[in-house]
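# Per-entry structural report
Chain by chain, the residues:
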Amino acid sequence: MKLLSLALTLLLFTATVYAKTEPLVFTKEHSQTAIEILESLSNKHYKKQIVDDAFSSRLLDSYCDALDPVKVYFLKSDVAQFEADRYGFDDALEDGDLSQAFAIFNRFRERIGDRLESNIALLESDFSFDFTVDESIDLDRDSNSWLASPAAADDYWRKRMKDSLLRLALSGKETAAARELLRKRYANRIKQLGQQDADDVVQSFINVMAGLYDPHTSYLAPRTLENFNISMSLSLEGIGAVLQLEDEFTKIVRIVPGGPADKQGVLAAEDKIIGVAQDEGAMVDVIGWRLDDVVDLIRGKKDSRVRLEIIPGTAEGSDKTSIVAIVRDKVKLEEQAAKSRVIELQQGGESFRAGVITVPAFYMDFEAYRQRDPNFKSTSRDVMKLIVDLTKEGVDGIVLDLRNNGGGSLYEATSLTDLFIHPGPVVQIRHADQHVSREQRARQRPFYDGPLMVLINRLSASASEIFAGAIQDYGRGLVVGTTSFGKGTVQVLAPLKQGRLKLTESKFYRVSGQSTQHRGVVPDIRFPSYFDLDEVGESSQDNALPWDSIRKVRHRMYEDFNPLLAVLKSQHQQRVEADPDWRFMLDEIALITEQRALKTFTLNKASREQLKTQREETWLAIENTRRQTRDEPAFESTEAVEAFRKQQKEDEQTPDPILQESAHLLADYARHSSASAETRLVSKELSE
């Protein structure tokens, strides 16, 4: 205890070092930008809300939460001082007065600087962390209150540093090396803190304000706009991943179809990047870094190699990290193209050939189209060619795989729907002025009228949801998988004198009148998901626009699947219960879910090592259970399992029980449905 008291005294002594940094101040241009953005939101945003005292109160709470989401820097006394401004932001914003926002940011900057200096002082002292004591740390502080006092903050951060050192030790770092890495991590954050300027404050505050309208509305300052334009043009030479900052981590939100990470199969949504290295260079720890600084490290010249240290999304709650290497390249349109394959099945002595068309994005080469190039690439044109090829191969039905398809061109979503249905409306769009547009229509006779199934997952969003929703509403095919993302809004870029404002201008509705917003498309037959549906998707985001409905539009139904669903679900259940790959997937999801639920971690090294061993033994057991069912030899170690699965990925032979079962369901559906002969229209119409 004497040593701890000495260390905490040292913390208090060094805590004043960073506080000498000059506070940031806003300019006249910043004031004008704030006024301009507030006017644009009030006049153009889909959601109409009054900027009043209630708005001001929400803004204060959201701003503090955005700056310190885990509540580990601000003290309760700081937040109490901010109460004086709770109902003043609305009037201040209308006048372009950002003094309150800057005062809060400067206090946060002071607190975080003090804390980092204190942490470094403790690491550089002779203080010894005792890993034999039975104590724990709660890392799920989102719902907790602010730290009550400097003493409470010191105790929390001692435990947090202890947890970090323990994680590094369990990943193979020596004690001294782990301590030095943690010290460098804090030193880098101090350096970055000193590089912040008034533009950063304005963007942070304005984005919190814009986020009160909906999560897709944001301010793109000039520097951010440049990165946005690069990503939209797909000319970025990098790894092909969409990143966002979550607490202190850089998290992968989505893998860009056709990009290096997608082609090499080494990353997935939910993975967290904690280190970046150039080729064989030293790994740079990026925990706590600004997002644009991490992006700058990852971005590089074509054919160069970057190494990333990641915490896999499937290892959430564990101490496991891995290093992956990616060769940088440009994301080319042709590499986003739809692809096909054939799955051959045997059911009850009968063969069935399922054509699978994977659509990674809704793309269109607008430049080639404008130049009247007859061979311009687009999703619908590519899928049409694949249907011709699959028909020549004698397939009995088609599965359209839209998993991980984040959307793209609305025009292409409509054109793709046009390949499968008779002329009719595809989607309704209600604008901010409440005008409803129904111009997006199928206009040709169906190009393919055989059995059809659409496969979606939680990362199927926007245009994917429009297509899947239309197929489901028309009764043209079955939709299977997991509930989609739920992004049913349209954003536009509004010009500003400084930067741009991305704001939500309209909302999608299905022909049934239901919105895809928030709820997503609910499949006819549901599959398990590796994603936590409470944490991934529109419904998990603050201030997401609600689900609602408008009038349905007249459309003809192909088939009523309700009488079939009970039979299909029964056959599906019987089949997957005997499928070793499906059972392995369920066991894997259960273990991942269990790990995600861990929020309190022991800081006793022996106990932590025991938990790590138990987790590895469980992974080994579920893999060997699958192998035993297949009469394959068991693995003796988790290292052997990891090497085997890595080889499978590289050879593109990883079993996909979801796709395999989708093909089986398509066969069941084709056998039971009238669609197996010739798609016919049921004489049933839904009137407005």
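Let us now look at the overall build of the chain. The secondary structure content of the chain amounts to 21 helices and 23 strands. A burial count over the chain gives 52% of its 688 residues as buried. Accessible surface, the chain: about 31300 Å² in total, of which carbon and sulfur atoms supply 50%.

In the contact formed by helix H3 (residues 53-67) and helix H9 (residues 198-211), the axes pass within 9 Å of each other and the chain directions differ by 125°. With respect to H9, the axis of H3 lies oblique. The crossing of H3 and H9 is right-handed. In this structure, H3 uses Phe55, Leu59, Ser62, Tyr63 and Ala66 to contact H9, whose residues at the interface are Val201, Phe205, Val208 and Met209. The residue makeup of the contact of H3 with H9, split by class, is eight nonpolar, one polar and no charged.

Overall, mixed pairing links the six strands, which are arranged E9-E10-E11-E16-E17-E20 in an open sheet. Sheet topology places strand E9 (339-347) and strand E20 (525-526) at the edges, where each strand pairs with a single neighbour. As judged from the four bridges shared by strand E11 (residues 397-401) and strand E16 (residues 452-456), these two strands associate in the parallel manner. Within E16, the position partnered with aspartate 401 by the bridge is leucine 455. Where helix H14 (residues 379-392) meets the sheet, its contacts fall on E9, strand E10 (350-358) and E11, and the angle it forms with E10 comes to roughly 165°. Helix H21 (residues 657-672) rests against E9, E10, E11, E16, strand E17 (478-481) and E20 of the sheet, and its axis sits at about 65° to E9.

A few words on the nonpolar core. Taken as a class, soluble globular proteins show a tendency for nonpolar side chains to be buried jointly. Residues Leu59, Tyr63, Phe205 and Met209 are the most contacted members of the largest nonpolar core, which totals 67 residues. The element best represented in this core is helix H6 (residues 99-124), accounting for ten residues. Residue contacts for phenylalanine 205: discarding those within four places in its chain leaves Leu59, Tyr63, Phe89, Leu93, Leu98 and Ala101. Counting residues in each nonpolar core, the second largest holds 41 residues, with Ala413, Ala442, Ala463 and Val511 among its members.

The next thing to look at is unusual backbone geometry. Most peptide bonds adopt trans geometry, and most residues besides glycine take a negative phi value. Despite not being glycine, aspartate 279 shows a phi value in the positive range, around 50°. Mapped onto the fold, aspartate 279 is located in the loop between strand E5 (272-278) and strand E6 (284-285).

Moving on to a nonpolar patch on the surface. Nonpolar side chains collect at one region of the surface, where Met384, Val388 and Phe447 lie side by side and expose about 220 Å² of accessible area between them. As for its placement among the helices and strands, phenylalanine 447 is situated in the loop between strand E15 (441-442) and E16. On the basis of relative accessible area, phenylalanine 447 is assigned to the partly exposed category, the value being 37%.

Okay, helix H16 (residues 463-474) next. With twelve residues, H16 extends 17 Å from end C-alpha to end C-alpha; this agrees with the ideal 16 Å at 1.5 Å per step. Within H16, twelve of the twelve residues are buried, which leaves it mostly tucked inside the rest of the structure. Residues of H16 that are buried include every one of Ala463, Ser464, Glu465, Ile466, Phe467, Ala468, Gly469, Ala470, Ile471, Gln472, Asp473 and Tyr474, and no others. Positive backbone phi, approximately 65°, marks glycine 475, located one or two places after H16.

Side-chain direction in a regular strand flips from residue to residue, so the side chains alternate between the two faces of the sheet. With six bridges connecting them, strand E3 (residues 241-246) and strand E4 (residues 249-255) associate as antiparallel partners. For glutamine 244, the partnering residue across the bridge sits in E4 and is lysine 251. Across two bridges, E4 lies against E5 in antiparallel orientation. By the bridge assignment, lysine 251 is partnered in E5 with lysine 272.

Pairs of aromatic rings are described using the distance from one ring centre to the other and the angle between the two planes. For the structure on display, the rule yields 17 aromatic pairs. Judged by centre distance (5.0 Å) and plane angle (85°), the ring pair of phenylalanine 127 and phenylalanine 129 falls under edge-to-face. Since its relative accessible area comes to 7%, phenylalanine 127 is described here as buried. Ring pairing ties together the aromatic residues Tyr73, Phe74, Phe82, Phe105, Phe108, Trp146, Tyr156 and Trp157, which thus form one cluster.

By the definition in use, this model includes 35 salt bridges. Between aspartate 279 and arginine 305 there is a salt bridge, with the nearest N and O atoms lying 3.0 Å from each other. Residue aspartate 279 is located in the loop between E5 and E6, and its partner arginine 305 is located in strand E7 (residues 305-311); the two are separated by 26 residues in the primary sequence. Exposure remark for aspartate 279: the relative accessible area of 38% places this residue in the partly exposed category. Judged by its relative accessible area of 26%, arginine 305 is partly exposed. The closest approach of N and O atoms between aspartate 401 and arginine 403, which form a salt bridge, is 2.8 Å. In the salt-bridge network here, residues are joined through shared partners; they are Asp581, Glu623, Arg626, Arg627, Arg630 and Glu632.

Bringing the confidence of the model for the chain into the picture now. Summary statistics for the chain give a mean pLDDT of 86 and a share of 90% for residues scoring 70 or more. Low confidence marks residues 675-688, where pLDDT is under 50. Its contacts with residues over four positions away, or in another chain, come to 36 contacts.

This part is about the side chain of aspartate 285. Secondary-structure assignment places aspartate 285 in strand E6. Here aspartate 285 falls in the buried class, since its relative accessible area comes to 11%. Within the structure, the side chain of aspartate 285 is placed 2.6 Å from the side chain of arginine 185, a separation counted as a polar contact. A polar contact of 3.3 Å, which involves the side chain of aspartate 285, links it to the backbone nitrogen of isoleucine 287. Not counting residues up to four positions away in its chain, the partners in contact with aspartate 285 are Leu181, Arg185, Asn188, Ile274 and Gly275.

At a minimum axis separation of 9 Å, helix H15 (residues 410-418) and H16 run at an interaxial angle of 25°. With respect to their mutual orientation, H15 and H16 come out roughly parallel. Crossing angle aside, the handedness with which H15 passes H16 is right-handed. Contacts between H15 and H16 involve Leu410, Ala413, Leu416 and Thr417 on the former and, on the latter, Ala463, Ile466, Phe467 and Ala470.

For E5, the buried fraction is high: six of the seven residues fall into the buried class. By the bridge criterion, six bridges tie E5 to E7 in an arrangement that is antiparallel. Residue pairing across strands places lysine 272 opposite isoleucine 311, the latter belonging to E7. When E5 meets E6, the two strands line up antiparallel, connected through two bridges. Within the sheet, the bridge partner assigned to valine 276 lies in E6 and is valine 284. With antiparallel pairing between neighbouring strands as the criterion, E5 and E6 make up a hairpin whose turn holds five residues, including aspartate 279 at a positive phi of roughly 50°.

As a further point, take the environment of proline 260. Assignment of secondary structure puts proline 260 in helix H11 (residues 260-264). Separated by 67 residues in sequence, proline 260 and valine 327 have C-alpha atoms that sit 6.7 Å apart.

Following the sequence through the fold, threonine 414 ends up in helix H15. By relative accessible area, threonine 414 is classed as buried at 5%. At 3.0 Å, the side chain of threonine 414 forms a polar contact with the side chain of glutamine 440. Not counting residues within four places of it along the chain, the set of residues in contact with threonine 414 comprises Val426, Gln440, Arg441 and Ala442.

Conventions used here
Residues numbered from 1 in each chain as written. Predicted model: local features only at pLDDT ≥ 70, side-chain atom pairs only at ≥ 80, totals over all residues. Heavy atoms only, no water. Helix = DSSP H or I, 4+ residues; strand = E, 2+ residues; numbered from the N terminus. Buried < 20%, exposed > 50% of the residue type's maximum accessible area, 1.4 Å probe, protein only. Areas by Shrake-Rupley, 256 points an atom, 1.4 Å probe, with all protein chains shown as cover. Axes fitted to C-alpha atoms, helices over the stretch in contact; angles between N-to-C directions. Parallel < 35°, antiparallel > 145°, perpendicular 65-115°, else oblique. Left-handed = near helix turned anticlockwise from the far one by under 90°. Contact = heavy atoms within 4.5 Å. Nonpolar A, V, L, I, M, F, W, Y, C, P; charged D, E, K, R; others polar. Pairing = 2+ DSSP bridges. Core = buried A, V, L, I, M, F, W, Y, C linked by side-chain atoms within 4.5 Å. Patch = residues over 30% accessible without salt bridge, like charges linked within 9 Å, V, L, I, M, F, W, Y side chains within 5 Å. Salt bridge = Lys/Arg side-chain N within 4 Å of Asp/Glu carboxyl O. Expected span 1.5 Å × (residues − 1). Phe/Tyr/Trp six-rings, centres within 6.5 Å; stacked < 30°, edge-to-face > 60°. pLDDT = per-residue confidence, 0-100. Polar contact = N/O pair within 3.5 Å; in protein donor to acceptor, adjacent residues only side chain to side chain.

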